[in-house]
Amino acid sequence: MQLDWLHCGTLVVCAHVLGIIAACHAILHTRTSQGAIAWVVSLIGVPYLTLVPYLFLGRSRFKGYIDARRLEYEAIRELRLDLVGNISTQTDVLNNAPVHQLGIQTITALSSLTRMSFSTGNHVRTLINGEATFSAIFDTINAARYYVLVQSFIIRADIVGDMLRDVLLAKAAQGVRVHLLYDSIGSIDLPVAYLSALRAGSVEVHAFTTNRCFVNRFQLNFRNHRKIVIVDGEYAFIGGHNIGIEYLGGKPSLSPWRDTHIEVRGPVVKQIEFVFVEDWFWATQRLPDTTSSIRPCDGNMHCQVIASGPADRQETCLLFFVESIHAARERIWITSPYLIPDEAVFAALRLAVMRGVDVRVLIPARRDHIVVFEASRLYAYDMVHAGIQIFCYRPGFLHQKVILIDSVAAAIGSANLDNRSFRLNFEIMLLIVDSIFAAEVSSMLEADFALSDPVRANEYEQTPAWRRMAMHVARLFSPIL
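Since this is a predicted model, take the numbers as computed values, not measurements. (Residues numbered from 1 in each chain as written. Predicted model: local features only at pLDDT ≥ 70, side-chain atom pairs only at ≥ 80, totals over all residues. Heavy atoms only, no water.)

A. Expanded view of the overall build of the chain. The secondary structure content of the chain amounts to 19 helices and 15 strands. Counting all 481 residues of the chain, 56% fall into the buried class. Sequence separation of at least 24 residues holds for 82% of the intrachain contacts in the chain that already meet a minimum separation of 6. For the chain, the computed accessible surface area is about 19,400 Å², with 60% contributed by carbon and sulfur atoms. (Helix = DSSP H or I, 4+ residues; strand = E, 2+ residues; numbered from the N terminus. Buried < 20%, exposed > 50% of the residue type's maximum accessible area, 1.4 Å probe, protein only. Contact = heavy atoms within 4.5 Å. Areas by Shrake-Rupley, 256 points an atom, 1.4 Å probe, with all protein chains shown as cover.)

B. The side chain of S336, seen in detail. Mapped onto the elements of the fold, S336 is located in the loop between strand 9 (331-335) and helix 14 (343-354). According to the relative accessible area criterion, S336 is buried, its value standing at 1%. There is a polar contact of 2.7 Å between the side chain of S336 and the backbone oxygen of Y338. Apart from the residues within four sequence positions on either side, S336 is in contact with L362, I363, P364, L398, Q400, N416 and L417. (Polar contact = N/O pair within 3.5 Å; in protein donor to acceptor, adjacent residues only side chain to side chain.)

C. Spotlight on the packing of helix 10 (residues 159-173) against helix 11 (residues 192-200). Where helix 10 meets helix 11, the axes come as close as 9 Å, and the angle between the chain directions of the two elements is 15°. Classed by the angle they form, the pair helix 10 and helix 11 counts as roughly parallel. Handedness of the helix 10/helix 11 crossing: left-handed. In this structure, helix 10 uses G161, D162, L164, R165, L168 and L169 to contact helix 11, whose residues at the interface are Y194, A197 and L198. (Axes fitted to C-alpha atoms, helices over the stretch in contact; angles between N-to-C directions. Parallel < 35°, antiparallel > 145°, perpendicular 65-115°, else oblique. Left-handed = near helix turned anticlockwise from the far one by under 90°.)

D. A look at the packing of aromatic side chains. One pass over the structure, following the stated rule, counts 10 aromatic pairs. Plain terms: the ring middles of W333 and F449 are 5.3 Å apart, the flat faces sit at 85° to each other, and that makes the pair edge-to-face. Remark: F449 occurs in helix 17 (residues 435-450) and W333 occurs in strand 9; sequence separation between them is 116 residues. W333 sits in the buried class, given a relative accessible area of 3%. We classify F449 as buried; its relative accessible area is 8%. Through a chain of ring-to-ring contacts, three or more aromatic side chains come together here, namely Y247, W257 and F397. (Phe/Tyr/Trp six-rings, centres within 6.5 Å; stacked < 30°, edge-to-face > 60°.)

E. Up close: the environment of R355. For R355, the location among the structural elements is in the loop between helix 14 and strand 10 (358-364). Spatially, the C-alpha atom of R355 lies 8.9 Å from that of E330, the residues being 25 residues apart in sequence. Setting aside its immediate chain neighbours within four residues, R355 contacts I325, H326, A328 and R329. Of the polar contacts made by the side chain of R355, one reaches the backbone oxygen of A328; its length is 2.9 Å.

F. Geometry of helix 10. Over its 15 residues, helix 10 runs 21 Å from end to end, which matches the ideal 21 Å to within 8%, given 1.5 Å per residue. Within the span of helix 10, buried status applies to V160, G161, L164, V167, L168, K171 and A172. The arc that holds every buried residue of helix 10, seen down its axis, measures 135°, which confines them to one face. Away from its buried face by more than 90 degrees, helix 10 exposes I159 and A173. Looking at the buried positions of helix 10, the neighbouring elements they touch are helix 9 (129-142), strand 2 (147-152), strand 3 (177-183) and helix 11. Residue D158 occupies the N-cap position of helix 10, its side-chain oxygen lying 3.1 Å from the main-chain nitrogen of V160. Immediately beyond the C-terminal end of helix 10, within one or two residues, lies G175, with a positive phi of roughly 95°. (Expected span 1.5 Å × (residues − 1). Arc of directions from axis to C-beta.)

G. Local environment of the packing of helix 9 against helix 10. The geometry of helix 9 relative to helix 10 is characterised by a closest axis approach of 9 Å and an angle of 15° between their N-to-C directions. By the criterion of interaxial angle, the relationship of helix 9 to helix 10 is roughly parallel. Viewed along their axes, helix 9 and helix 10 form a crossing whose handedness is left-handed. Contact with helix 9, carried on its side by F134, F138, I141 and N142, involves V160, M163, L164, V167, L168 and K171 of helix 10 and no other residues of that element. Its residues assigned to classes, the contact of helix 9 with helix 10 shows 8 nonpolar, 1 polar and 1 charged. (Nonpolar A, V, L, I, M, F, W, Y, C, P; charged D, E, K, R; others polar.)

H. Structural view of the pairing of strand 12 (residues 402-405). Side chains of strand 12 alternate between two faces, with V402 and L404 and I403 and I405 buried alike. Bridging between strand 12 and strand 13 (residues 409-413) involves 4 bridges; their strand directions are antiparallel. Within the sheet, the bridge partner assigned to L404 lies in strand 13 and is A410. In this antiparallel pair of consecutive strands, strand 12 and strand 13, the connection spans 3 residues, and D406 shows a positive phi of 50°. (Pairing = 2+ DSSP bridges.)

I. The arrangement of unusual backbone geometry in detail. Between S255 and the following residue, P256, the backbone shows a cis peptide bond with an omega angle of 0°. For P256, the position within the fold is in the loop between strand 6 (235-239) and strand 7 (260-265). In this structure, R115 takes a positive phi of about 60° despite not being glycine. Summarising the element assignment, R115 is placed in the loop between helix 8 (104-114) and strand 1 (119-128). Of note, Q285 is a non-glycine position whose phi angle comes to about 65°, a positive value. Tracing the backbone through its elements, the reader meets Q285 in the loop between helix 12 (268-284) and strand 8 (301-308). Relative accessible area serves as the criterion here: at 42%, Q285 is assigned to the partly exposed category.

If you want it as structure tokens, here you go:
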């Protein structure tokens with residue numbers, strides 16, 4: 001017994017020593033002070049519970065990875081400058097009336113932030129929920145003549161995944177060049193047989209991963225959360241839908257699933273293609289075989305691609321949210337499945353309320369991740385007390401990522417209102433400056449608000465004490481959620 005206690009004491013001491021070492025590492029390498037504090041407190045206080053999670057999640061600033069990614073980005077940018085456009089030549093674009101409505105300074109800031117030119121002559125169509133989204137995507141892939149590029153955070157080997165596999169194999173058999181990129185963690189349960197069938201059918205399939213070297217093999221951060229489909233350089237699809245049956249309402253606990261995608265045509269498709277090209281090159285060290293010609297369309301919408309990731313020199317996603325909120329003069333409506341705002345975003349929302357802006361945030365009433373859900377509820381109560389209107393969507397799980405700015409512009413894509421999207425994930429949003437499109441998005445969101453319940457200021461006080469404690473504990477981890 002004495003020996004057992006000795007061994008137990010030794011393990012406890014070792015755990016605390018390793019916890020202190022890991023805490024020092026967190027202080028040096030965590031991007032935000034809030035994140036550093038969260039890790040330090042947990043690593044020193046309960047190292048037995050947090051050492052392993054820190055190994056997988058804690059290194060949010062991995063210098064070697066970031067440097068390599070930046071170097072590759074610059075190299076690809078030089079090779080495919082035809083895709084991103086020249087910011088210095090967009091003076092005529094900035095003189096258009098819709099741009100003036102949103103603000104020339106906003107467009108100039110976002111173009112500088114993303115290093116992509118503001119694009120004109122586009123057409124964007126909303127695809128509400130899974131049936132419309134997958135129908136449009138599969139129909140467009142079926143009509144492909146030259147190449148198909150598909151990227152998804154999650155691909156499941158279920159009915160929807162099998163439909164994707166079959167349509168990609170059919171196009172590859174017709175001589176169409178097909179590339180499929182999936183995230184190695186998001187699609188961790190994707191069977192080898194599924195991938196083997198695609199490769200056997202001449203589909204180029206690769207995983208997006210950060211573990212090029214041994215030291216990075218445990219890294220779970222830097223996930224590629226983008227969802228992109230491009231067909232022949234003419235059509236692009238982005239939004240919130242991954243490839244899985246739950247996006248068609250196939251998961252009863254979260255059904256009906258509420259999500260939004262967009263179909264994009266016009267010159268901006270080539271900029272979205274550049275985002276895929278960059279990710280593909282990181283995964284394969286090869287450029288996909290695509291055409292460089294820009295396909296015109298009959299649209300007149302103005303668009304800006306917001307591609308963001310942890311290797312950006314600026315915190316692109318965070319600054320995009322902040323700039324969008326600051327640009328609002330009448331209303332800013334945001335929908336997100338997760339509400340873990342950065343302090344800068346929270347401050348921008350509070351200032352918008354003080355300017356008299358109609359500020360609304362729509363979140364789900366159902367949960368898919370318990371810790372994130374509890375932290376989100378506490379942030380919701382804080383926001384309500386600051387005058388921000390928070391609504392909880394009743395019918396099912398709300399997964400769409402939408403921003404509506406006044407009656408002028410809307411952004412739709414993959415970015416959530418949380419720290420993981422702001423700093424740790426690769427995301428893509430498309431900002432559409434067009435009053436008709438904004439009106440369509442407004443009608444869509446008004447229908448969602450009609451199916452939602454407002455969060456009341458007194459709800460927190462009426463919540464049981466144990467639940468309030470759970471919410472506060474969950475929020476301690478918000479910088480790393």
